[in-house]
Structures are given as structure tokens and as C-alpha cells.
Amino acid sequence: MTPSLETVGMGPGVHGIGEYAFGECYNLKTLDISLSKWSELETISDEAFLNCRSLTEVVLPANIKSIGDSAFSDCVNLKSIELPENLTSIGQVAFINTPSLKNIKIPAKVTKLPAGVFRGSGIEWISVPTSVKTIDNGAFEGCGNLSVVYYGGTEENWNKITIGEGNEPLTSATIDFLELIDFGECGDNLTWILYVDGELTRVPVTTDMLSGADLTKAGTYNNVKVSYNGVQLADN
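None of the values given here were measured: they were computed from a predicted structure. (Residues numbered from 1 in each chain as written. Predicted model: local features only at pLDDT ≥ 70, side-chain atom pairs only at ≥ 80, totals over all residues. Heavy atoms only, no water.)

A. Structural context of the overall build of the protein chain. Counting its secondary structure elements, the protein chain contains 2 helices and 20 strands. Relative to its 236 residues, the protein chain shows a buried fraction of 43%. The long-range fraction of contacts in the protein chain, counting pairs at least 24 apart against all pairs at least 6 apart in sequence, stands at 37%. Carbon and sulfur atoms make up 46% of the accessible area of the protein chain, which amounts to about 11,600 Å² in all. (Helix = DSSP H or I, 4+ residues; strand = E, 2+ residues; numbered from the N terminus. Buried < 20%, exposed > 50% of the residue type's maximum accessible area, 1.4 Å probe, protein only. Contact = heavy atoms within 4.5 Å. Areas by Shrake-Rupley, 256 points an atom, 1.4 Å probe, with all protein chains shown as cover.)

Rendered as C-alpha cells:
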């Protein structure tokens, strides 16, 4: 595939993206193949988007069931990827060396996080469903920014997960036993998080957001109220 490719078009009848199909397309910036006419797409093969270093955002069709080994490896500017709910399998080192990736939600049909899947990524928090039973060696190796894991089950269920070696960033993170439904961003710095209780809660606010804002400190804010005019943050 030509390294100068900037956009991807894909017609109906395509069931999979082959190995190294768009590998090292250095100028590919955004991949949004979520529209209904691509609903037949189910598979992203090994190294399909390897080293697409300009890629910043990925939105996938709902029917995607598997993402292959190294599918998005070395996508160093990848900031956002929405994993569809029908996804059942993520390959080894699928997201290795993605330092710009800050958060990710694992779909409820995934049962294993394979070896090296997020090694060297920049993720700060991750949502893990109760379906995950195994986290292989080095899945989170080098994830020095990981601080919070959102888990929808109990502490007893979490302790039953088989966690391999080299996952110290995961095992030392705070485990928040709340089920995350969805998340998004308001600008570059504010991330909203919606929990299963139906409330928009626990919005991280960083110090670089406070300049000129009607806030007194950085931290986690609860009891978030949303209106058409903005977001009101308050401690509880």
C-alpha cells in the first residue's frame, strides 16, 4: 500500500481487511468505516494498520469481531479508538507503542487481553468488563500512565482474573468497581464518564484546565450536572 494514502474508501461486500493492507500508510490520519454500508466488515487482520504514524482516530463498524496481531502497532499518534460491542478477540501487541492513546473501553464479549496488547501505550484509564478472565504476560508493560481501572464486577471477581507477569502498571492501579457505559471528551483536556447508575460522574479535571475557569482545584468531581449551557462540577 502506498505510504502517501490519506483517506480510505470501502464499498459493500467487504468482510475483512487483510494483513498489512494499510501498513505504513504514513499519511493516513482518520479511519471512520462505521457507516451502515460497511456493516459486513467483521475482521481486521494482522498488521492491517501497522505504523500508520499519522493516524489519530479510528471508528469501527458495529460488526467487527476480531482485531489481529499488531493491527495498530506503532500508531504513535493514535488518540481515540472505539471498539465495537460485537468484538470478541484482540490480537497480541495489537496496540503496542501507542503513546498518544489515553483511554479505552474493552467490549463485554472479550474474554482475554493477550500478551503485549497495550505495551508502551499512554493509557491513563481502562474499562474492563467482567467477561475478561485472562490478562496475559506484558499486556500492560510500560504503561506508566495507567492509574485507574474501571471494572463492573466485584473485588472477588477481579481477584479471580488470571494476570500474567509484567503487568505491574495494571496491578498497582486503582481498581474502581463501577461499570462504565460510555465516555467522551469536551475539548482537549476534559473527559466525561457515564456509569451504569445513569449519572455522569467522576470527571477528571487537570491543573492546566483551571486557568480562567470558575474552578478552584484539580481533582475528581462528583455530582456532575449537564445542561445545554455547560457542565457544573461540585465535590461531594
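Moving on from the model shown.
B. Highlighting the sheet that holds strand S1 (residues 16–17). The parallel open sheet is built from 4 strands, whose spatial order is S1-S3-S5-S7. For this open sheet the edge positions go to S1 and strand S7 (89–90), each flanked by a neighbour on one side alone. (Pairing = 2+ DSSP bridges.)

C. The arrangement of the nonpolar core in detail. Grouped together as the largest cluster of nonpolar side chains are 51 residues, with contacts concentrated most on Phe49, Phe72, Phe95, Ile106, Phe118 and Phe140. Those residues within four positions of phenylalanine 49 in sequence are excluded, and the remaining contacts are Ile17, Phe22, Gly23, Leu28, Leu31, Ile44, Ala71, Phe72, Ser73 and Cys75. (Core = buried A, V, L, I, M, F, W, Y, C linked by side-chain atoms within 4.5 Å.)

D. Structural detail: the packing of aromatic side chains. Enumeration over the complete set of coordinates arrives at 8 aromatic pairs. Residues phenylalanine 22 and phenylalanine 49 carry aromatic rings whose centres are separated by 5.3 Å and whose planes lie at 10° to one another, so their mutual orientation is stacked. Pair noted here: phenylalanine 22 is in the loop between S1 and strand S2 (30–32) and phenylalanine 49 is in the loop between strand S3 (43–44) and strand S4 (57–59), with a separation of 27 residues, a long-range link. Its relative accessible area of 11% is what places phenylalanine 22 among the buried residues. Relative to phenylalanine 177, the ring of tyrosine 151 lies with its centre 6.3 Å away and its plane at 80°, an arrangement referred to as edge-to-face. (Phe/Tyr/Trp six-rings, centres within 6.5 Å; stacked < 30°, edge-to-face > 60°.)

E. Layout of the environment of histidine 15. Of note, histidine 15 is situated in the segment before S1. Classification of histidine 15 by relative accessible area gives partly exposed; the value is 47%. Counting along the chain gives 48 residues from histidine 15 to asparagine 63, while the straight-line C-alpha distance between them is 9.7 Å. Filtering out sequence-adjacent residues up to four positions away, histidine 15 remains in contact with Glu40, Leu41, Glu42 and Thr43.

F. Broad picture of unusual backbone geometry. You will see that tyrosine 20, though not glycine, has its phi angle at about 60°, which is positive. Examined against the element boundaries, tyrosine 20 turns out to sit in the loop between S1 and S2. The partly exposed category is assigned to tyrosine 20, whose relative accessible area is 32%. Here valine 93, not a glycine, exhibits a phi torsion of approximately 45°, which is positive. By secondary structure assignment, the location of valine 93 is in the loop between S7 and strand S8 (103–105).

G. Summary view of the confidence of the model for the protein chain. When the pLDDT values of the protein chain are averaged, the result is 81; 71% of them are 70 or greater. This model gives residues 201–236 a pLDDT under 50, and the stretch forms 59 contacts once residues within four places in sequence are excluded. (pLDDT = per-residue confidence, 0-100.)

H. Molecular detail of the pattern of salt bridges. According to the stated counting rule, one finds 5 salt bridges in the structure shown. A salt bridge links glutamate 85 to lysine 105, with the shortest nitrogen-to-oxygen separation between them at 3.9 Å. One end of the pair, glutamate 85, is in the loop between strand S6 (80–82) and S7; the other, lysine 105, is in strand S8, and 20 residues separate them in sequence. (Salt bridge = Lys/Arg side-chain N within 4 Å of Asp/Glu carboxyl O.)

I. Quick peek at the pairing of strand S10 (residues 125–128). Residue alternation in S10 divides its side chains into two sets, Trp125 and Ser127 and Ile126 and Val128, and both sets are buried. As defined by bridge partners, S8 adjoins S10 across 3 bridges and the pair is classed as parallel. Bridging across to S10, lysine 105 finds its partner in serine 127. As judged from the 4 bridges shared by S10 and strand S12 (residues 148–151), these two strands associate in the parallel manner. Each residue of the ladder has a partner; that of serine 127, found in S12, is tyrosine 150.

J. Expanded view of the state of the cysteines. Within this structure, the stated rule accounts for 0 disulfides. The cysteine cysteine 52 is free of any disulfide, with cysteine 75 supplying the nearest cysteine sulfur at 5.1 Å. Cysteine 52 sits in the buried class, given a relative accessible area of 0%. (Disulfide = S-S within 2.5 Å.)

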